[in-house]
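This is what each chain is made of:
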Amino acid sequence: QVSNLDIESGLLSENSCDSERGAMAGNATRESVSKNALVIAREAAGRFAQHKEICKKFVRSFEIGRENQPDFKFGRRKYKALLQRAANHHLETIFVDLNDVEAFLSQEIQDPDPLLLESLQVPKVQLQQSIELMMVDIEENALRYMKYFYEACDAELPERDANFNPQSSALARDAVHQWRERQLAQQSGGQPPAAAIPVRLKNNFDVRFQPRDSAKVLKMRDLSAGKVGALVKLDCLVARVSQVKPKVEVVTYHCEVCGAEIFQSVESERYTPPKECPSQRCRDNKQAGKLRHNIRTCKFVKYQEMRVQELSSHVPVGGVPRSINVVLSGDLTRTVLPGDAITVTGVYTPYQLPWFLARANGTMQEMFIDAHSIRKHKNGYSDQDQDEQKTMRKVGDAWQKGNLYENCAKSIAPEIFGHLDVKKALLLVLIGAFKKTMQDGMKIRGDIHCLMMGDPGVAKSQLLKQVVNIAPRSVYTTGKGSSGVGLTASVVRDPMTSEVSLEGGALVLADMGICCIDEFDKMEEGDRTAIHEVMEQQSVSIAKAGITTTLNTRTTVLAAANPLYGRYNPYKSPVENIDLPAALLSRFDLLFLLLDTVDNDKDRQLAIHVCKVHSNYDKQEKRVVDDKLGDDTQAGSDDSDVLNLGFRPFDASFMRTYIRKAKSYEPMIDDQLQKSIVDAYVSMRDDEKRGDIDSRKSYTTPRTLLAILRLSQAHARARFSEKVEQQDFDEAMRLLKASKESVELSAPAKRGANPLDLVYDIISDLSRRDSVQAADGWVDMAHIVSMAGHKALSREMVVEAIENWESLSVLCQNLERTMVKFIVPPA
């Protein structure tokens, strides 16, 4: 027993010695790391004076390349020209491009400035090493270097010239500045003033960094303690945006005892006002003074906060998206909206809290990003990106080749086989017609709403996803995952200010864009009624919690749904299969019924197409990467056509540029076309009246007439035309007919209507009209072709049918074959 106790005590003493040695080793490691960090910090601080002079030289002398247009006053000196614009109040923010800084430093390393060596009194090798490390120092200590560049810009700021902007608020600021200088001169009595005017109070511009192209884009989970104070570049999604508020930068006080003006620069989120006047007169008199806050002479900037979260592709399996606050100021405010995918560049920094809040938080720090640059992943139709001219040139070349409307339609989800008419309709939905506002204030919408209803497996959801990718402003939601409040607007209480405010739903977020709703049939009936006002009046009226307002929802609704029984039942009427209220159906301009019909040839082509997509996927991806790396293969060429489309599919950027150009046209209805539109609408109403109630596939209302006009205008826009012509109207009618074509093919009783009988009925109806009887029974051939197009008959089918009736001595044509009449008029 004694021996066992001795062994145990020996083991315990060895373990305690090991733990002590481990603790000592840990302490030594911590001390070495802290010493190393201290040495690095001292070396960086030793380079500050050199870098400050290099910043001044960069602002003063950096020149742009030969490919850029020089300034008429400063030539190729880029930042001097920008400072002149800032002095003339045409520019609020001077962006220091770190690509320019990198190019400037690479030149300075090779040949350091002798004047710089003389003024700094350092060896040439030491200056070269300092220049080599400057780029890293700027990105790791962005706040300090932003101050250096601001001071350099202030020192190099030129005087105003003849190009001064008189519309700005500079004149009022000048009056305050002159008054302030007179006050300081009187107080100092010819001696230098005790309190100098802060630089930010004199200037109206700010300095921010543009990131390098080679800078790594981080995920939100990659932010660590080593990035604090550094310039970071993040891919994220805007979740919430606050209102724009004024934030004070320089506070001014007026002493009522001595008349001095006191300045207080505010660097953090909060500040403590001074209690005593620091002027020399009050100090001599041993008085505290009486400071009064002077709002009119303070310096304010625009301030906005937004909440951003991780992209869904960055969230690991089973994880929850992380989020962080981003602070926007100056002209960066109001540049993004909730739902935008952006790349934000800014300084990762902690909030500076007052002592009582910091004590409560302990060692934990609340972080935010002070934004310097924002780039949207998808530019809107009204935004201009850098590659705009290049892409617009590609659109012009593709338009010159012809067949652009067909090719753009095929470029929507090219991996999906068939559905060409659906893709054409989706292209017209993306383009839309233009909104009309009458003199009395009545508005007629130009958005084209579309509902795709069909069997499972006909790629409805994939088509919706493709539209979301193309549209610059889009929201995707599902029926079961959406409520009426989530679609329109909800009343929320701000946890910080306890104020009640409205938060927009999916339809409000998709304002001036597209809202895609999948599984539309699975929505609750009460939630679905919230869409009625949005689809026609294009607004949401709210009367909740004391808030009564109307929100704009100028949104195109694109919905996908399954029939009532899961699959379309051909032995039930279309109305029973659709099972949606007439008030909602009439608001959709296009209702596509997509049925999975059995067709041997079509099924074989589909299987071949799907196999080709899977076998050529790697090859296609490689070619896309090669194009991005500089292969100037023109969009639309045939050498990368792996899906046998006859051309190379256009990418989303090309499609957005094409749609942007198409939206710039406002085509009007041609006077000669009005008669055809009226006849088509009357014929549709008459066919529906004479047809069986159970066979109705839609409700033809006056909204249908507006839908025809909108589709015709959208097709004219797609052709870059200023006038709606006959071909636009024919395409609109063909799409309306084709949207129900699959139902006709699946109907067991109405399979294979004879074109001869259809053409006979059309000519018989037209010949009974008074205008035709006045012309001795001759019917215009163009009118027959137009009416036959409403029944999905091509011109060739009409000509063939008339020739057959002519061979049977029922009809006859004139010599030009432009008029047709019955040999014996029908009863």
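Since we're looking at a predicted model, the values are computed, not measured. (Residues numbered from 1 in each chain as written. Predicted model: local features only at pLDDT ≥ 70, side-chain atom pairs only at ≥ 80, totals over all residues. Heavy atoms only, no water.)

### What to know about the nonpolar core
- Residues L427 and Y658 are the most contacted members of the largest nonpolar core, which totals 57 residues.
- Looking at this core, the element that brings in the most residues is helix α14 (residues 420-431), giving 8 residues.
- Once residues within four sequence positions are removed from consideration, Y658 is found in contact with V395, L404, Y405, C408, L427, I431, A718 and F720.
- Core analysis: the second largest hydrophobic core is formed by 39 residues, L98, Y148, Y150 and F205 among them. (Core = buried A, V, L, I, M, F, W, Y, C linked by side-chain atoms within 4.5 Å. Buried < 20%, exposed > 50% of the residue type's maximum accessible area, 1.4 Å probe, protein only. Helix = DSSP H or I, 4+ residues; strand = E, 2+ residues; numbered from the N terminus. Contact = heavy atoms within 4.5 Å.)

### Things to note about the sheet that holds strand β21 (residues 590-594)
- Taken in spatial order, the 5 strands line up as β14-β17-β20-β13-β21 in an open sheet, and their pairing is parallel. In this open sheet, the two edge strands, each paired with only one partner strand, are β14 (474-478) and β21. In this sheet, neighbouring strand axes are inclined to one another by 15° on average, regardless of whether the strands run parallel or antiparallel.
- Strand direction decides the pairing type here: strand β17 (residues 514-518) and strand β20 (residues 556-561), joined by 4 bridges, are parallel. Its bridge partner being in β20, C515 is matched across the sheet by V557.
- Packed onto the sheet, helix α15 (residues 460-470) meets β13 (450-454), β14, β17, β20 and β21 and runs at close to 160° relative to β17. (Pairing = 2+ DSSP bridges. Axes fitted to C-alpha atoms, helices over the stretch in contact; angles between N-to-C directions.)

### Considerations on the sheet that holds strand β25 (residues 811-813)
- The sheet built from 3 strands is open, its strands ordered β24-β26-β25 with antiparallel pairing. Where the open sheet ends on each side, the last strands, each with one partner, are β24 (779-780) and β25.
- One ladder, built from 3 bridges, connects β25 with strand β26 (residues 819-822); its direction is antiparallel. What sits directly across from C812, in β26, is K821.

### Remarks on the side chain of E156
- Looking at where E156 falls in the secondary structure, it is placed in the loop between α7 (142-155) and α8 (170-188).
- For E156, the contacting residues outside a window of four places in its chain are V59, R60, K80 and L83.

### As for helix α25 (residues 674-690)
- Under the 1.5 Å per step criterion, the end-to-end length of α25 is 24 Å for 17 residues, consistent within 8% with the ideal 24 Å.
- Residues S676, I677, D679, A680, Y681, S683 and E688 constitute the buried set of α25. (Expected span 1.5 Å × (residues − 1).)

### Notes on the pairing of strand β8 (residues 323-329)
- Of all 7 residues making up β8, 6 are buried, and the element is well covered by its neighbours.
- Bridge analysis of strand β7 (residues 299-309) against β8 gives 7 bridges, and the strand direction is antiparallel. Bridge pairing links E305 to V327 in β8.
- Pairing of β8 with strand β10 (residues 367-376), which is carried by 3 bridges, proceeds in the parallel orientation. In the sheet register, V326 faces β10, and the bridge partner there is I369.

### Looking at the packing of aromatic side chains
- As enumerated under the stated definition, the model contains 17 aromatic pairs in all.
- Residues Y145 and Y148 carry aromatic rings whose centres are separated by 5.5 Å and whose planes lie at 75° to one another, so their mutual orientation is edge-to-face. Here Y145 and its partner Y148 are both found in helix α7, 3 residues apart, which amounts to about one turn of the helix. This pair shows no difference in class: Y145 is buried, exactly as Y148 is.
- Plain terms: the ring middles of Y760 and F822 are 5.3 Å apart, the flat faces sit at 75° to each other, and that makes the pair edge-to-face. Remark: F822 occurs in strand β26 and Y760 occurs in helix α29 (residues 755-767); sequence separation between them is 62 residues.
- Grouped by ring-pair contacts, the aromatic residues F58, F62, Y79, F104, F149 and F209 constitute a single cluster.
- The ring of Y150 is capped by R200, whose NZ or CZ atom sits 4.3 Å from the centre of that ring.
- Positioned above the aromatic ring of Y476, the side-chain terminus of K465 is 4.0 Å from the ring centre. (Phe/Tyr/Trp six-rings, centres within 6.5 Å; stacked < 30°, edge-to-face > 60°. Lys NZ or Arg CZ within 6 Å of the ring centre and 35° of its normal.)

### Considering helix α24 (residues 652-662)
- Extensive coverage of α24 is indicated by the burial of 8 of its 11 residues.
- For α24, the full list of buried residues reads F654, M655, R656, T657, Y658, I659, R660 and A662.

### What about the confidence of the model for the chain?
- Confidence in the prediction for the chain averages 79 pLDDT; 85% of positions are at 70 or higher.
- Contacts from residues 1-5, a stretch scored under 50 in pLDDT, to residues over four places away or in other chains number 0 contacts.
- Between residues 628-639, whose pLDDT stays under 50, and residues either more than four places distant or in other chains, the model counts 19 contacts. (pLDDT = per-residue confidence, 0-100.)

### Some words on the pattern of salt bridges
- Scanning the model with the defined rule gives 33 salt bridges in all.
- Of the charged contacts in the structure, one is a salt bridge between D206 and R208, with a shortest N-O distance of 3.4 Å. Here D206 matches R208 in class, with each residue buried.
- Each of R200, D206, R208, E249, K299 and D370 takes part in salt bridges that share partners, so that together they form one network. (Salt bridge = Lys/Arg side-chain N within 4 Å of Asp/Glu carboxyl O.)

### Concerning the state of the cysteines
- Going through the model one piece at a time under the given rule, you end up with 0 disulfides.
- C516 provides the cysteine sulfur closest to C515, a residue in no disulfide bond, and the two sulfurs are 6.9 Å apart.
- Judged by relative accessible area, C515 falls into the buried class, the value being 0%. (Disulfide = S-S within 2.5 Å.)

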